[in-house]
Amino acid sequence: MKLGRVLVVGGYGAVGATVAGSLGDWFPGRVVVAGRDEAKALRLGGVRADVTDPDGFRRTLDGLGDVAAVVMCVEPPDAGIAHACLERGVHLVDIGATRRLLDGVGELDGLAAASGASAVLSVGVAPGLTNLLARRADEAVGGAERIDLTVLLGAGERHGADAVRWTVEHLAESAAVRPLRVELPGYGPRTAYAFPFSDQYTLPRTLGTAQVATRLCLDSRALTSTLFALRRAARRPAVRQALTAVLRRVHAGGDGFAVRADARRGDRRAAYALTGRAQSRVTGLVAAYVTRELLAGSLPAGVRHIEQLPALARLPEELAEHGVGLQRLDGPPEG
Ligand SMILES: NC(=O)c1ccc[n+]([C@@H]2O[C@H](COP(=O)([O-])OP(=O)(O)OC[C@H]3O[C@@H](n4cnc5c(N)ncnc54)[C@H](OP(=O)(O)O)[C@@H]3O)[C@@H](O)[C@H]2O)c1
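Our subject in this report is the structure included herewith. (Residues numbered from 1 in each chain as written. Predicted model: local features only at pLDDT ≥ 70, side-chain atom pairs only at ≥ 80, totals over all residues. Heavy atoms only, no water.)

Looking at the site of the ligand
Then, number 1: As a structural note, the neighbourhood of the ligand is formed by 27 residues, with Tyr 12, Ala 14, Arg 36, Val 125 and Asp 162 the closest of them.
Then, number 2: One of the backbone N or O atoms of Pro 127 is found 3.3 Å from a nitrogen atom in the ligand.
Then, number 3: Computed on the free molecule, the ligand has an accessible area of 910 Å², of which 88% lies beneath the protein chains in the complex.
Then, number 4: Put simply, the parts of the chain that give the shell around the ligand at least two residues each are helix H7 (125–140), helix H8 (161–169) and helix H12 (279–295).
Then, number 5: Broken down by element, the residue count for the shell around the ligand peaks at 4 residues, all from H8.
Then, number 6: Residue classes in the shell around the ligand are distributed as 15 nonpolar, 7 polar and 5 charged.
Then, number 7: Both domains that furnish three or more residues to the shell around the ligand are identified here as domain 1 (5–123 + 282–316) and domain 2 (125–280 + 321–329). (Near = heavy atom within 4 Å. Polar contact = N/O pair within 3.5 Å; in protein donor to acceptor, adjacent residues only side chain to side chain. Areas by Shrake-Rupley, 256 points an atom, 1.4 Å probe, with all protein chains shown as cover. Helix = DSSP H or I, 4+ residues; strand = E, 2+ residues; numbered from the N terminus. Nonpolar A, V, L, I, M, F, W, Y, C, P; charged D, E, K, R; others polar. Domains from an automatic or database assignment.)

Structure (structure tokens):
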């Protein structure tokens, strides 16, 4: 077990609060939260930190002196913060979902290997649990030619500001991939639309699958249709701004979520699904479990995605105690 503290950046946000809470239960006195609001951070025994300022972040790490791991629960503009951690031998867990940013951290593999630090990427629900389900489905068909991932989010959940910003920012992308009608446990048949979650860009490299696509829908059919009807309009900043404001206020639906992975190889098919409540909380739990594994010293040095780490393969089963249900489904998706 590597001793030292865990710095949870964004540690009082929707995801970060669960990370900090779970790790605080497991490692009392060793969790420090960070964010831009100094008064709030100090109230929680934490420190001020801004991920847009890598030099300031270096000073924060050096000032704390004994940080063993950093959990990134907010999206930074580039890989500067990851660099600051890995050059110091500080482990990193990143819940980010943006391809460009994860690729940037991936380029630091040599730096991490040299300093003995481990970085785990694709941590959360999507990416994260989707990557783990994709790996299972891929293995079940003996190496998939194609994987389809579907994510259903509850429109009634109070998603964090940064998560809503991320979703709206990416709405105008990936319109080229066709929608798919998919049966989701507990929700019935749903139409899901292409969405640029990073898992579909990572899995061709980590699993060797030629074609991977990720699609999104909301539990509210009406909101799903409205959201994707606005896809082209969302190229305009003013529309994105208005949409962000609406999504932060309208909570028309529940707080459940579902993810499904379908793999195909010739006429072989395999599908797995996971359902649960409160994706922000479950993302935080995934990050906390990954961090615990990191601190136990069971993960190799270097930068890896979650599906590349056998020690984390049974995470879906471990989450059963938090109401996350895993199922193997029969048959291919419709459509
Ligand atoms: N992998 C997944 O499945 C998954 C799932 C959900 C969310 N996410 C990602 O996780 C991120 C956080 O989502 P969330 O719902 O927890 O958002 P949130 O509730 O808005 O939390 C963001 C936290 O980060 C802090 N923060 C914001 N900007 C910062 C900066 N420049 N430097 C340092 N701290 C900063 C905020 O506090 P201050 O404003 O006081 O700084 C807040 O504590 C998003 O990027 C989202 O895309 C990933």
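What about the side chain of Arg 136?
Then, number 1: Mapped onto the elements of the fold, Arg 136 is located in helix H7.
Then, number 2: Contact partners of Arg 136, with chain neighbours within four places excluded, come to Tyr 272, Ala 313, Arg 314, Pro 316, Glu 317 and Leu 326. (Contact = heavy atoms within 4.5 Å.)

Overview of the nonpolar core
Then, number 1: With 70 residues, the main nonpolar core has Val 286 and Val 290 as its most contacted residues.
Then, number 2: Tallying contributions element by element places H12 first for this core, with 9 residues.
Then, number 3: Counting only domains with at least three residues in this core, you end up with domain 1 (5–123 + 282–316) and domain 2 (125–280 + 321–329).
Then, number 4: Filtering out sequence-adjacent residues up to four positions away, Val 290 remains in contact with Val 93, Val 120, Val 123, Leu 299, Ile 306, Leu 312 and Leu 315. (Core = buried A, V, L, I, M, F, W, Y, C linked by side-chain atoms within 4.5 Å. Buried < 20%, exposed > 50% of the residue type's maximum accessible area, 1.4 Å probe, protein only.)

Regarding the sheet that holds strand S7 (residues 146–153)
Then, number 1: In spatial order, the strands read S8-S9-S10-S7-S11-S12-S14; together these 7 strands make up an open sheet with mixed pairing. The strands lining the two open edges of the sheet, one partner per strand, are strand S8 (180–184) and strand S14 (325–329). Strand after strand, the sheet turns through a mean of 25 degrees between neighbouring axes, direction not considered.
Then, number 2: Two elements, strand S12 (residues 268–277) and S14, share 5 bridges in a ladder whose sense is antiparallel. Its bridge partner being in S14, Ala 273 is matched across the sheet by Gln 327.
Then, number 3: Its contacts with the sheet put H7 on S7, strand S11 (256–265), S12 and S14, and the angle it makes with S12 is roughly 150 degrees.
Then, number 4: Sheet contacts for helix H10 (residues 221–229): strand S9 (188–194) and strand S10 (211–218); angle to S9, the most-contacted strand, approximately 15 degrees. (Pairing = 2+ DSSP bridges. Axes fitted to C-alpha atoms, helices over the stretch in contact; angles between N-to-C directions.)

Description of H7
Then, number 1: With 16 residues, H7 extends 21 Å from end C-alpha to end C-alpha; this agrees with the ideal 22 Å at 1.5 Å per step.
Then, number 2: Counting buried positions over the 16 residues of H7 gives 13, a clear majority of the element.
Then, number 3: Directly beyond the C-terminal end of H7, a positive phi value near 75 degrees is found at Gly 142. (Expected span 1.5 Å × (residues − 1).)

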